[in-house]
Amino acid sequence: MLLLDQNKQPQNTVLYLAATVSGLLLRQDGLDFAALLKQVEKVVSHKINPTFLSLALNFLFLIDKLQLDERGGLHVSKSA
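The text that follows walks through the structure, step by step, so that each part is easy to find. Keep in mind that this is a model prediction, so the values were computed, not measured. (Residues numbered from 1 in each chain as written. Predicted model: local features only at pLDDT ≥ 70, side-chain atom pairs only at ≥ 80, totals over all residues. Heavy atoms only, no water.)

### Quick look at the packing of helix α1 (residues 14-27) against helix α3 (residues 50-62)
Logical step 1: Following both chains from N to C, one finds α1 and α3 inclined at 70°, their axes separated by 8 Å at the closest point. One finds that α1 runs roughly perpendicular with respect to α3. Across from Val-14, Leu-15, Leu-17, Ala-18, Val-21 and Ser-22 in α1, the residues of α3 making contact are Phe-52, Leu-53, Leu-55, Ala-56, Leu-57, Phe-59 and Leu-60.
Logical step 2: Classifying every residue of the contact of α1 with α3 by side-chain character gives 12 nonpolar, 1 polar and no charged. (Axes fitted to C-alpha atoms, helices over the stretch in contact; angles between N-to-C directions. Helix = DSSP H or I, 4+ residues; strand = E, 2+ residues; numbered from the N terminus. Parallel < 35°, antiparallel > 145°, perpendicular 65-115°, else oblique. Contact = heavy atoms within 4.5 Å. Nonpolar A, V, L, I, M, F, W, Y, C, P; charged D, E, K, R; others polar.)

### Looking at the nonpolar core
Logical step 1: With 18 residues, the main nonpolar core has Val-21, Leu-25, Leu-36, Val-40, Ile-48, Leu-53 and Leu-57 as its most contacted residues.
Logical step 2: If you list the elements that add at least two residues to this core, you get α1, α2 (33-44), α3 and β2 (74-76).
Logical step 3: Among the elements that take part in this core, α1 stands out by supplying 5 residues, more than any other.
Logical step 4: Residues contacting Val-21, with those up to four places away along its chain left out, are Leu-36, Val-40, Leu-53, Leu-57 and Leu-60. (Core = buried A, V, L, I, M, F, W, Y, C linked by side-chain atoms within 4.5 Å. Buried < 20%, exposed > 50% of the residue type's maximum accessible area, 1.4 Å probe, protein only.)

Pasting the structure below:
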């Protein structure tokens, strides 16, 4: 079950951030954590806490949508 928080700004939720990360990695495959953080901050137009980004990545790993290569690059699964 997925619990929703009382946050009134959807762009500040882990689910929104996970969707943003997924979209970015579909276009720019193989980014590392630092590069991904910079790209996400450009999209959302504000600073992102690295721990919050880590939660979004953990969510994507848990639903089997994200893979890590031997160089530390992140790759999103294109399958449904």
